[in-house]
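Coordinates in review
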Amino acid sequence: MTSSMTSSMTSSPTRPDAPLGSGDTDESATYAVALERSAVLDALIDQHAAGSDGNSTEGAARFRMLTGDRPTGPLHIGHYLASLRNRVRLQDKGVETFVVIADYQVITDRDSVGEMGANVQGLVLDYLAAGLDPDRTTIFTHSAVPALNQLMLPFLSLVTDAELRRNPTVKDELALSYGRPLSGLLLTYPVHQAADILFCHSRIVPVGRDQLPHLEQTRAIARRFNQRYAAGHSVFAEPEALLSEVPLLLGTDGTKMSKSKGNVVNLRDTADETAARVRAARTDSERRITFDPKDRPAVANLLTIAGLFLDEAPESVADRVGDGGAQALKRVVTDAVNESLAGHRARRSDLARDPAYLTSVLHEGNARANAVAERTLATVRAVMGMSY
Ligand code: TRP
């Protein structure tokens, strides 16, 4: 199984019906291969961007990308550093970008939909403030695209329950879902995510390391669809992972960033709220600041965050702080965050004054996503002999 997983990551031929690797697959080997391939993809995007005028459908647009977020609450600096900035970078290189606001996905691991409308609006605000351009990038809500959701039916026929049950992302989400039993929606989460990716024929999916098994499931669905329902013709190309270069960032208490733990700085926070949150961050009592992720993880995390905002190595941030201790370190982090986000926050507040504009961005994005999804569904029905 290891070989089927690894070889499919490198796009060499794989048996279309080969089962996906189980949990004991060599995850780090898969990761290494995906990392190498991501570097190649980045180089290809650059190469095509260089030759494209931004309007042509050639060039980087052939690397169509889909990514997205669940509207469960405000985005924080971890989202910004690890994904939002990168989306804007790719968009600006001419990569045709789709961003799904995965509203149905909110109820995979919780019973309540929460403040859905406000959360969706908050995401749109951060996307636009960060520089996603609605003329070039399609921002849409999952629930507003019925044809996308219909792809779930044939796709579900292509996966087994055993495969879904051993998907590490499903297992992790189940473990974190407050003791809820495994719902059908959580179990089939990799399949609806596959529909998100495949409906628009996305070739690139920016992901973190933990999401690789998901993408592998999507690739298997694409392969099996072509084999089983399209006589081997390529209706769906296998998308590839573009791994984030940003290391895993921790919250201000040194544990995983999480809204519910109150250990994050949100993009929408004020400069003062940011300062207060950073001031409360965990550090240690050693006066000299050094970058030592193993023995001083909380300090290293703050240095990493400052370094990412300042585009500077964390070791060099540590050198600058030197014997200034935790207080000086926190001042550097606060200034780095607040100065880097000042423009974002100002644009965000301006945009928030125009809710009608935000609604129009979503309506436009939903219309475009619907047109694409209907075309894909028509093809699927045609190859399955269901055009009546
Ligand atoms: N699962 C992602 C999250 O939790 C959101 C998402 C939905 C997504 N569909 C996607 C990401 C497809 C990448 C590709 O934030």
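Our structure's up above, just so we're on the same page.
Residues numbered from 1 in each chain as written. Predicted model: local features only at pLDDT ≥ 70, side-chain atom pairs only at ≥ 80, totals over all residues. Heavy atoms only, no water.

Taken together, Leu 66, Gly 68, Asp 69, Arg 70, Val 100, Ala 102, Gln 105, Tyr 189, Gln 193, Asp 196, Ile 197 and Val 205 make up all the residues around the ligand. When the free accessible area of the ligand is taken as 370 Å², the share hidden by the protein chains comes to 86%. Secondary-structure elements contributing two or more residues to the shell around the ligand are strand E1 (65–69) and helix H10 (189–199). Partitioned by chemical class, the residues of the shell around the ligand number six nonpolar, three polar and three charged. (Near = heavy atom within 4 Å. Areas by Shrake-Rupley, 256 points an atom, 1.4 Å probe, with all protein chains shown as cover. Helix = DSSP H or I, 4+ residues; strand = E, 2+ residues; numbered from the N terminus. Nonpolar A, V, L, I, M, F, W, Y, C, P; charged D, E, K, R; others polar.)

Counted by the stated rule, this structure contains seven aromatic pairs. Each ring, one from Phe 155 and one from Phe 236, has its centre 5.5 Å from the other, and the planes form 80°; the classification is edge-to-face. Taken as a pair, Phe 155 in helix H6 (residues 152–156) and Phe 236 in the loop between helix H11 (212–229) and strand E5 (240–243) lie far apart in primary sequence, 81 residues in all. With a centroid separation of 5.5 Å and an interplanar angle of 65°, the aromatic rings of Phe 225 and Tyr 229 are classed as edge-to-face. Separated by four residues within a single helix, Phe 225 and Tyr 229 lie in helix H11, roughly one turn from each other. You can call Tyr 229 partly exposed: its relative accessible area is 23%. Within the aromatic cluster, the residues linked to one another by ring pairs are Phe 155, Phe 225, Tyr 229 and Phe 236. When the ring centre of Tyr 31 is taken as reference, the NZ or CZ atom of Arg 209 above it lies at 3.8 Å. (Phe/Tyr/Trp six-rings, centres within 6.5 Å; stacked < 30°, edge-to-face > 60°. Buried < 20%, exposed > 50% of the residue type's maximum accessible area, 1.4 Å probe, protein only. Lys NZ or Arg CZ within 6 Å of the ring centre and 35° of its normal.)

One finds Ile 77, Tyr 127 and Phe 309 to be the most contacted residues of the largest nonpolar core, which totals 49 residues. When contributions to this core are tallied by element, the ones reaching two or more residues are helix H3 (77–92), strand E2 (97–101), helix H4 (116–130), helix H13 (297–310), helix H14 (314–321), helix H15 (325–352) and helix H16 (355–383). When residues of this core are assigned to their parent elements, the largest contribution, nine residues, is made by H4. Residue contributions to this core reach at least three from each of two domains, namely domain 1 (3–246 + 355–383) and domain 2 (271–352). Residues Ala 147, Leu 148, Leu 215 and Leu 377 belong to the second largest nonpolar core, which totals 40 residues. (Core = buried A, V, L, I, M, F, W, Y, C linked by side-chain atoms within 4.5 Å. Domains from an automatic or database assignment.)

What follows deals with the pattern of salt bridges. Applying the stated criterion across every chain, the model contains 24 salt bridges. Residue Arg 296 pairs with Asp 284 through a salt bridge whose shortest N-O separation is 2.8 Å. One end of the pair, Arg 296, is in the loop between helix H12 (271–279) and H13; the other, Asp 284, is in the loop between H12 and H13, with 12 residues separating them in the sequence. Residue Arg 296 is classed as buried on the basis of its relative accessible area, which comes to 5%. Arg 296 is the salt-bridge partner of Glu 286, the closest N and O atoms lying 3.7 Å from each other. A residue pair is termed long-range when its members are at least 10 positions apart, and Glu 286 in the loop between H12 and H13 and Arg 296 in the loop between H12 and H13 qualify at 10 residues. Through salt bridges with shared partners, a single ionic network connects Glu 216, Arg 219, Arg 223 and Glu 238. (Salt bridge = Lys/Arg side-chain N within 4 Å of Asp/Glu carboxyl O.)

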